[in-house]
Amino acid sequence: MKTSELLGEARDELYKGWTQGEYANHIGHVCAIGAIERVALRHQDIVAAAKAQQEVNRLAKEIYGCSMVQSFNDRYNTGKQDVLDLFDKAIIGLEERGE
């Protein structure tokens, strides 16, 4: 599976329901990493998941100054759309590189 495809499915998971402060809540909403892990488990693809996490971490640091996407996801002023936008940027970059 391409990393961009995994991240696209993870974005869909976030769109369905996003949360902060935990990987997944009692109603199934997920944080950024929880979404990536959920899709990775579904497809049994830890390599694409690791690359996806690396890409969103890189962008979280580059754009928002957060060392990890978890920090960005859980900031008090981060909303669902902010996380979706970060994933969109990551997906576009990966697709441009053929990943």
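Residues numbered from 1 in each chain as written. Predicted model: local features only at pLDDT ≥ 70, side-chain atom pairs only at ≥ 80, totals over all residues. Heavy atoms only, no water.

A. Representation of the packing of aromatic side chains in the model. Scanning the model with the defined rule gives one aromatic pair in all. Considering the side-chain rings of Tyr64 and Phe72, the 4.2 Å spacing of their centres and the 25 degrees angle between planes classify their relative orientation as stacked. The exposure class assigned to Tyr64 is partly exposed, which follows from its relative accessible area of 28%. Of the residues examined, Phe72 reaches a relative accessible area of 1% and is grouped as buried. Across from the ring centre of Tyr15, 5.1 Å away, lies the NZ or CZ of Lys80, which sits over that ring. (Phe/Tyr/Trp six-rings, centres within 6.5 Å; stacked < 30°, edge-to-face > 60°. Buried < 20%, exposed > 50% of the residue type's maximum accessible area, 1.4 Å probe, protein only. Lys NZ or Arg CZ within 6 Å of the ring centre and 35° of its normal.)

B. Main features of the packing of helix H1 (residues 3-16) against helix H2 (residues 32-43). Packing of H1 against H2 brings their axes to within 8 Å, and their N-to-C directions diverge by 120 degrees. When the axis of H1 is compared with that of H2, the two are oblique. In the crossing of H1 with H2, the sense of the turn from one axis to the other is right-handed. Contacts between H1 and H2 involve Leu6, Leu7, Glu9, Ala10, Glu13 and Leu14 from the first element and Ala32, Ala35, Ile36, Arg38, Val39, Ala40, Arg42 and His43 from the second. (Axes fitted to C-alpha atoms, helices over the stretch in contact; angles between N-to-C directions. Helix = DSSP H or I, 4+ residues; strand = E, 2+ residues; numbered from the N terminus. Parallel < 35°, antiparallel > 145°, perpendicular 65-115°, else oblique. Left-handed = near helix turned anticlockwise from the far one by under 90°. Contact = heavy atoms within 4.5 Å.)

C. Layout of the packing of helix H3 (residues 46-64) against helix H5 (residues 80-96). Direction vectors running N to C along H3 and H5 enclose 115 degrees, while the axes themselves pass 10 Å from each other. H3 and H5 meet at a crossing whose hand is right-handed. The residues of H5 that touch H3, namely those facing Glu55, Val56, Leu59, Ala60, Ile63 and Tyr64, are Leu86, Phe87, Lys89, Ala90 and Leu94.

D. Quick look at the nonpolar core. Leu6, Leu7, Leu14, Ile36 and Phe87 are the most contacted members of the largest nonpolar core, which has 29 residues in total. Contributing elements (two or more residues each) for this core: H1, H2, H3, helix H4 (69-74) and H5. The element contributing the most residues to this core is H5, with seven residues. Not counting the four nearest positions on each side in its chain, Phe87 is found in contact with Leu7, Ala10, Arg11, Leu14, Ala32, Ile36 and Val56. (Core = buried A, V, L, I, M, F, W, Y, C linked by side-chain atoms within 4.5 Å.)

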